[in-house]
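Okay, here's what each chain looks like letter by letter:
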Amino acid sequence: METNKRVPVIWLQLMDCTGCSESFIRSSHPRTENVLLDMISLEYSEVLSAASGYQIEANRERVMEEYKGEYILAVEGNVTDAEFLTVAGHSALETLKETAKHAKAVIAYGSCASWGGIAAAHPNPTNARSVDDVIKGVPVMKVPGCPPIAEVMTGVIAHVITFGRLPELDGKGRPKAFYKLRIHDKCNRRAYFDAGLFVESFDDEGAKIGYCLYKVGCKGPTTYNSCAEMRWNGGVSYPIQSGNPCIGCSEKDFWDEGPFFTR
Ligand code: SF4
Ligand code: SF4
Ligand code: F3S
């Protein structure tokens, strides 16, 4: 830490695929390097920390002690009863509880941390579940998506740094600024939906023209996320614009509410 202005962040990965970290490092506004070098001090990350092993575990403990009640805990991946999930020989679940205890706030990044994620699909053999299922007494903000949009991930951190508190959340614990609208509300294919012009199969003429994807399984009408407004890869595109129906990846239980596509 160079100065106290940069807020310490501990980033734990539980049962996950690292896709959320991969998304985070691609933020263009604010740029990831600005977040890492000017806003936060990333003290513990399996993906980005230079240190590893005993050194990094010791640093996590130091930050928890020196910055009690000041550090932010970011969590990627779900909570599970699976005994194989250990880090540095310790149960990931116990490490989560220990690290959350004195955090200022917890950010549950991704649909795994927010809702349990794909590992929680029926019959959920490892009892995969959300972070707020086990963390009580500390504010938890959910930033769902599989993964979440990069600029949403950095945007919520920027808000916490700027205002010293979590942004306004909706009834499900998501930041309203990014999850207040459905994909359907801002979809670039919405005019076709309103006109009753639908893709009937992925290789028909309507698909080539860009008709609405509702009849081939689009979950945009029931999915709350910013993809249609902010788009991905620095605002370039998003699944529907690229010809793929929204599978509702930011919604709870999207993994069990398929089929993902109707053929
Ligand atoms: Fe991977 Fe999706 Fe879970 Fe993120 S939410 S860790 S991208 S499976
Ligand atoms: Fe709505 Fe999906 Fe059709 Fe877009 S493609 S208008 S989100 S149903
Ligand atoms: Fe996910 Fe739908 Fe956006 S699948 S990435 S919420 S368009």
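Residues numbered from 1 in each chain as written. Chains lettered and ligands numbered in written order. Predicted model: local features only at pLDDT ≥ 70, side-chain atom pairs only at ≥ 80, totals over all residues.

An unreviewed UniProt entry annotates the protein as Hydrogenase small subunit of Anaerobacillus isosaccharinicus. UniProt's Cofactor (unreviewed entry) comment on the protein is quoted here verbatim: "[4Fe-4S] cluster". (UniProt positions renumbered as here; feature names shortened; annotations may be inferred.)

1. Overview of the overall build of the protein
A count of helices and strands for the protein gives 11 helices and seven strands. For the protein, whose C-alpha radius of gyration is 19 Å, the value lies close to the compact-globule estimate of 18 Å for 263 residues. Its C-alpha atoms give the protein principal-axis dimensions of about 60 × 40 × 30 Å. Relative to its 263 residues, the protein shows a buried fraction of 42%. Residue pairs at least 24 apart in sequence account for 73% of intrachain contacts in the protein once pairs closer than 6 positions are excluded. (Helix = DSSP H or I, 4+ residues; strand = E, 2+ residues; numbered from the N terminus. Rg over C-alpha atoms; globule rule 2.2 N^0.38 Å. Buried ≥ 20, exposed ≤ 12 C-beta atoms within 10 Å, placed from the backbone. Contact = placed C-beta atoms within 7 Å.)

2. What to know about the domain arrangement of the protein
Frequently, the measure chosen for interface size is the accessible area that the parts lose on association. For the protein, the domain assignment lists domain 1 (7–177) and domain 2 (181–263). Once you take the C-alpha centre of each, domain 1 and domain 2 turn out to be 28 Å apart. On the domain 2 side, the residues contacting the 12 residues of domain 1 number 12 residues. Only helix H5 (110–115) and helix H6 (150–163) provide two or more residues apiece to the side of domain 1 that touches domain 2. Of the residues contributing to the side of domain 1 that touches domain 2, the split by class is seven nonpolar, four polar and one charged. (Domains from an automatic or database assignment. Nonpolar A, V, L, I, M, F, W, Y, C, P; charged D, E, K, R; others polar.)

3. Comments concerning the site of ligand 3
For ligand 3, the set of nearby residues contains 13 residues, the closest of which are Asn225, Cys227, Pro239, Cys246 and Cys249. Residues that form the shell around ligand 3 fall into these classes: eight nonpolar, five polar and no charged. (Near = placed C-beta within 6 Å.)

4. A word on the UniProt feature "domain: Cytochrome-c3 hydrogenase C-terminal" (unreviewed entry) in the protein
The sites that carry the UniProt feature "domain: Cytochrome-c3 hydrogenase C-terminal" (unreviewed entry) are, in the present numbering, residues 179–260. With 24% helix and 0% strand, residues 179–260 has its two end C-alpha atoms placed 21 Å apart.

5. Some points on the site of ligand 2
Looking at ligand 2, there are 14 residues lining it, with Cys187, Cys212, Tyr214, Cys218 and Gly220 nearest. Secondary structure elements with two or more residues in the shell around ligand 2: helix H8 (183–186) and helix H9 (190–195).

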